[in-house]
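Structural features, examined
Residue-level listing of the chains:
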Amino acid sequence: MKALLERARAFRTRVDFDSGEFRKLAEGQYPEALFITCSDSRVIPAMITAARPGEIFELRNAGNIVPPYGRPGASGEAATIEYALEVLGVQDIVVCGHSHCGAMGALKSGDDLSVLPGVDAWLRIARPELTSVLRTAPDDPSLPEVSQGNVVNQLAALRSYPVVRQRLDSGRLRLHGWYYEVDTGFVYELGDDGDFRVHAA
């Protein structure tokens, strides 16, 4: 924590606040995309995409899960999706899963999560749609089949939101599925054929 605190204290000395870029950010944000990904500390959207401040609007949670539309109770995920589309007008949404995901690992192993009731309740949202993948995926610690299947399922959950459907139907929104490989840095993109592939830079 000491190193983080020292870097935070020195932040102003590492960034050129006199250039006007940060003053312009105070006038408003106009992100290009909503980036939905896991809270995992190894997944850093701005580093992966080389995004500058103001370019991506982030939604992060355990397992990059999108609760289906209409679930009872308040939802930070629903609020963020609505705000990104209705207020910020983003035209692209990326759902990015990743290798070695703890949330997907817990689902695959069937761990007893009784000491983590919040985690257990949260993962229950994703479990039903992943049942067949969880049963057939090999015991690979990087969990590509499970994490990629989860990305596909969360894209489907996004389509359950009226605000998403309306924009998709009118051609004002594009959905993207990504899978980030933590140990190699490769980003796999979901194609129209349902397969994830690395695209050359």
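Conventions adopted
- Residues numbered from 1 in each chain as written.
- Predicted model: local features only at pLDDT ≥ 70, side-chain atom pairs only at ≥ 80, totals over all residues.
- Heavy atoms only, no water.
- UniProt positions renumbered as here; feature names shortened; annotations may be inferred.
- Buried < 20%, exposed > 50% of the residue type's maximum accessible area, 1.4 Å probe, protein only.
- Helix = DSSP H or I, 4+ residues; strand = E, 2+ residues; numbered from the N terminus.
- Contact = heavy atoms within 4.5 Å.
- Pairing = 2+ DSSP bridges.
- Axes fitted to C-alpha atoms, helices over the stretch in contact; angles between N-to-C directions.
- 1 Å grid on protein atoms, 1.4 Å probe; cavity = no way out; pocket = protein on both sides within 12 Å on 5 of 7 lines; lining within 4 Å.
- Points joined across faces, edges and corners; volume = space filled by probe spheres on them.
- Nonpolar A, V, L, I, M, F, W, Y, C, P; charged D, E, K, R; others polar.
- Arc of directions from axis to C-beta.
- Parallel < 35°, antiparallel > 145°, perpendicular 65-115°, else oblique.
- Left-handed = near helix turned anticlockwise from the far one by under 90°.
- Core = buried A, V, L, I, M, F, W, Y, C linked by side-chain atoms within 4.5 Å.

By the naming in an unreviewed UniProt entry, the protein chain is Carbonic anhydrase, taken from Streptomyces indiaensis. The annotation that UniProt attaches to the protein chain under Sequence similarities (unreviewed entry) is "Belongs to the beta-class carbonic anhydrase family." The heading Catalytic activity (unreviewed entry) in the UniProt record of the protein chain holds the text "hydrogencarbonate + H(+) = CO2 + H2O".

Some words on helix α6 (residues 102-109)
Residues three or four positions apart in an α-helix share a direction because the helix packs 3.6 residues into each turn. Regarding α6, the residues found buried are Ala-103, Met-104, Ala-106, Leu-107 and Lys-108. Looking at the buried side of α6, the elements it contacts are α7 (117-136) and α8 (144-158). Looking one or two places after α6, you find Gly-110, whose phi comes out positive at around 70°.

Here we look at the pairing of strand β1 (residues 33-38)
Counting buried positions along β1 gives six out of six residues, so the element sits mostly inside the fold. In this sheet, strand β3 (residues 92-98) lies alongside β1 in parallel orientation, the contact comprising five bridges. Residue Ile-36 lies in a different strand from β3, and its bridge partner there is Val-95.

Topic: the sheet that holds strand β4 (residues 174-180)
Pairing in this open sheet of six strands is mixed, and the strands run β2-β1-β3-β4-β5-β6 from one edge to the other. The open sheet terminates on both sides in strands that have one partner only, identified here as β2 (56-61) and β6 (196-198). Each strand of the sheet is rotated relative to its neighbour by a mean of 30°, with strand direction disregarded.

Things to note about the layout of surface pockets
Of the voids in this model, the largest pocket is the one considered here, and its volume is about 260 Å³. Counting only elements with at least two residues in the lining of the largest pocket, the list comes to β1, β3, β4 and β5 (187-190). The element contributing the most residues to the lining of the largest pocket is β4, with three residues. Grouping the amino acids of the lining of the largest pocket by side-chain chemistry returns seven nonpolar, three polar and four charged. Approximately 210 Å³ is the volume attributed to the second largest pocket.

Here's the deal with helix α9 (residues 162-169)
Listed as buried for α9 are Val-163, Val-164 and Arg-167. In a view along the axis of α9, the buried residues occupy a sector of 100°, so they form one face of it. Tucked into the core, α9 has its buried residues touching α5 (76-87) and α8. In the stretch just after α9, Gly-171 is the one whose phi turns positive, near 75°.

Let's talk about the side chain of Asn-64
Mapped onto the secondary structure, Asn-64 falls in the loop between β2 and α5. Judged by its relative accessible area of 2%, Asn-64 is buried. Apart from the residues lying within four places of it in its own chain, the contact partners of Asn-64 are Ile-36, Thr-37, Cys-38, Val-95, Cys-96, Gly-97, Asn-150, Val-151 and Gln-154.

Considerations on the packing of α7 against α8
The N-to-C vectors of α7 and α8 enclose an angle of 140°; their axes lie 10 Å apart at closest approach. Put simply, α7 runs oblique to α8. Crossing of α7 against α8: the hand is right-handed. Listed contacts from α8 to Ala-126, Glu-129, Leu-130, Val-133 and Leu-134 of α7 are Glu-145, Val-146, Gly-149, Asn-150, Asn-153 and Gln-154. Residue classes in the contact of α7 with α8 are distributed as five nonpolar, four polar and two charged.

Some details on the nonpolar core
Residues Leu-34, Ile-36, Ile-81, Leu-85, Ile-93, Leu-158 and Val-164 are the most contacted members of the largest nonpolar core, which totals 25 residues. Of all the elements in the fold, those that place two or more residues in this core are β1, β2, α5, β3, α8, α9 and β4. Judged by nonpolar contacts, the second largest core, of 17 residues, contains Ile-125, Leu-130, Ala-137 and Val-146.

So, the packing of α5 against α9
Running from amino to carboxyl end, α5 crosses α9 at an angle of 35°, the nearest separation of the two axes being 9 Å. Pair α5 / α9 crosses with left-handed handedness. For the pair formed by α5 and α9, the contact residues are Ile-81, Leu-85 and Glu-86 on the first element and Val-163, Val-164 and Arg-167 on the second. Looking at the contact of α5 with α9 residue by residue, the classes come out as four nonpolar, no polar and two charged.

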